[in-house]
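# Remarks on the overall topology
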Amino acid sequence: MVSINIYDKVTEIAKRRGFFWPSFEIYGGLSGFVTYGNLGTKLKRNIENAWREFFVRRQGFLELEAPIINASRVFEASGHLDHFKEHMVECTRCGRSFRADHLIEEKTGLENVEAMGGDAIRELLAEHEIRCPRCGGALKEPVMFLTMFQTTIGATGGEVGYARPEAAQGMFLNFRRGFQQAREKLPFALAQTGKVLRNEISPRRGMLRLREFTIMELELFFDPQEPSCPWFNEVSGEEVSLLTEEMEAEGEKTPLKVSLGEAVEAGHILTEWQAYFMGVSKRFISHLGVPPDRQRFRAHLPEERSHYSAQTYDHEVLLESWGWTEIAGHAYRTDYDLKAHQRGSGVDMTVLRPDGTRFIPHVVEPSFGLDRLLYVVLESSYQRRKKRDILALPRSLAPINVSVLPLVTKDGLSEKAAEVRELLLDAGLVVAYDESGSIGRRYARSDEVGTPLAVTIDYDTLENDTVTIRDRDSWSQVRQRIADLPGLLRRYLKGEIEFSELGSPV
RNA sequence: GCGGCCGUGGUCCAGCCUGGCAAGAUAUUGGCCUUCCAAGCCAACGACCCGGGUUCAAAUCCCGGCGGCCGCACCA
């Protein structure tokens, strides 16, 4: 932890102004769940759409929306039912809990004890008379934690189902349909955003570790014999900070600064596709307001990796509140999942090469946690200026596009302001109209929720149909004709023009 | 799940030790005022996490639960 202050400040604003707050508040709350308010819902949607721009639309990738509840056979085949559970033992004396398989491995030198199952673990604990490694106390019977949420489908004698802990399985289950819709050509990708659930043992840090959260995932299918990415040249010159697997193993803390092209060349990143998505990822996160020098990619050590992964790089950002924080995982899932579902379902997942050979495609996956990103965006944009809190959100993400404010509420200014509001609403903008309190107070309110522009109707407006436009970040103003507002504001919000081009200086 | 600290209007916080009308700031709403950055005045709204116990009396003391933060464990 570096500074908990900014975390408190950001969550306080989030709660007060309606970005997000803890769920089930009126019943005392339950950790690991969050509810988004008006501004949070809009901001979240804007981030999601930005992700779609960077990862889906330009590449022409395919989207998908699959169920949250899945039949148990899905997770039997995928390996999640085996890997999403832990056998825990608790000490009767000091109360500490431990992973049973780790204790057995330490004592006996056996490997992969987890895979032997609950009965074997129970027997091994007894056989080797394993006691608490901290205090030597006796251990309770091992308890199994399944971190997937289980449910029953149907009324009586129903089938067991599980809530998905990742969206990825939806893409693998529907690989054949996707492949057909991609006109049976590799490479192609299926992308999905949606809720996933993980029954975390102890969720912490608010938005950073939830039991129910939104994930944005993409599975890129390719032929391992044709591993090149047609767009790699767009990002190969991009410099990234890497902590490679070797560096992690040696405890090296200073990241390697290297271009993505060099990183692939040197074998630090196993595939071009993975490197491509890491490059897009860096650009996406920069677009959300995190400077490149606060971003890095950290490799997982083999024991840290998921059961399906041959290489994983976490994309981390440096938060003032929590230090380096994972916001995305870039995993090389190989043919693990399609192979598993071919085995589980009996459906052929192979693809035919021009030379007549068949193979199971390999998969590279960038996976983002949207709720974390939303927190990162808020914290990164937080500023304090002249005793005011300001969210300097990227203007394309701000939940409200523009505030419309009459300078005072008399002499017909309110009525004129209402006309301007209608005009901007007709233009499709999200508008906040505010005539309460002094003009300064209204600017402050507007800044606090990150609204990039404020249009003010003053006495000159009544004379010549012009208004002032105020910039959230510099507090400077320009004057412009009302009739020109819709087009200019839209272009400004898209990032096509700068503030100074919105009108003549005041 | 274990340990430490904590939980009071929308938000931030005082009061708790030593039981006795729950204070302040800010926000919000209405009014007056107001020609550009949380101005001023008047008014209104609004709180002791939940449950039990002790007591004439509990925000305060005790027990249990829930929630938050930190440490340990966990985070596939």
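Preceding this paragraph is the structure being described.
Bear in mind that the values here come from a model prediction, so they are computed numbers and not experimental data. (Residues numbered from 1 in each chain as written. Chains lettered and ligands numbered in written order. Predicted model: local features only at pLDDT ≥ 70, side-chain atom pairs only at ≥ 80, totals over all residues. Heavy atoms only, no water.)

### Side note on the protein's contact with RNA strand B
Around RNA strand B sit 54 residues in total, of which Ser31, Phe84, Ser306, Trp322 and Arg445 are the nearest. Looking at RNA strand B alone, sugar and phosphate atoms form 52% of those within 4 Å of the protein. Between RNA strand B and Asp458 there is a distance of 2.9 Å, counted from a base nitrogen to a side-chain nitrogen or oxygen. Here a base nitrogen of RNA strand B and a backbone polar atom of Trp475 are 2.8 Å apart. Those elements giving two or more residues to the surface near RNA strand B turn out to be α1 (4-17), β5 (85-90), β6 (97-99), α15 (439-448) and β25 (466-471). Within the surface near RNA strand B, the residues separate by chemical class into 15 nonpolar, 17 polar and 22 charged. (Near = heavy atom within 4 Å. Polar contact = N/O pair within 3.5 Å; in protein donor to acceptor, adjacent residues only side chain to side chain. Helix = DSSP H or I, 4+ residues; strand = E, 2+ residues; numbered from the N terminus. Nonpolar A, V, L, I, M, F, W, Y, C, P; charged D, E, K, R; others polar.)

### Brief notes about the layout of surface pockets
A water-sized probe, rolled over the atoms, reveals where empty space remains. Estimated volume of the second largest pocket: approximately 420 Å³. Lining the second largest pocket are 17 residues, with Ala50, Glu53, Phe54, Arg57 and Arg58 sitting closest to its centre. The set of elements that each furnish at least two residues to the lining of the second largest pocket consists of α2 (38-57) and α11 (272-287). Tallying contributions element by element places α2 first for the lining of the second largest pocket, with six residues. Tallied by class, the residues present in the lining of the second largest pocket amount to seven nonpolar, five polar and five charged. (1 Å grid on protein atoms, 1.4 Å probe; cavity = no way out; pocket = protein on both sides within 12 Å on 5 of 7 lines; lining within 4 Å. Points joined across faces, edges and corners; volume = space filled by probe spheres on them.)

### Let's talk about the sheet that holds β25
Here six strands make up an open sheet; going across it, the order is β23-β22-β24-β25-β26-β27 and the pairing mixed. Two strands in the sheet have a free side with no partner beyond their single neighbour: β23 (431-433) and β27 (504-505). As paired elements, β25 and strand β26 (residues 477-481) share five bridges and run antiparallel to each other. Looking at the pairing, Thr468 lines up with Arg479 of β26. Lying over the sheet, α15 contacts β22 (402-406), β24 (453-457), β25 and β26, oriented at roughly 170 degrees with respect to β22. Packed on one face of the sheet, helix α17 (residues 485-494) meets β22, β24, β25 and β26 and runs near 10 degrees to β25. (Pairing = 2+ DSSP bridges. Contact = heavy atoms within 4.5 Å. Axes fitted to C-alpha atoms, helices over the stretch in contact; angles between N-to-C directions.)

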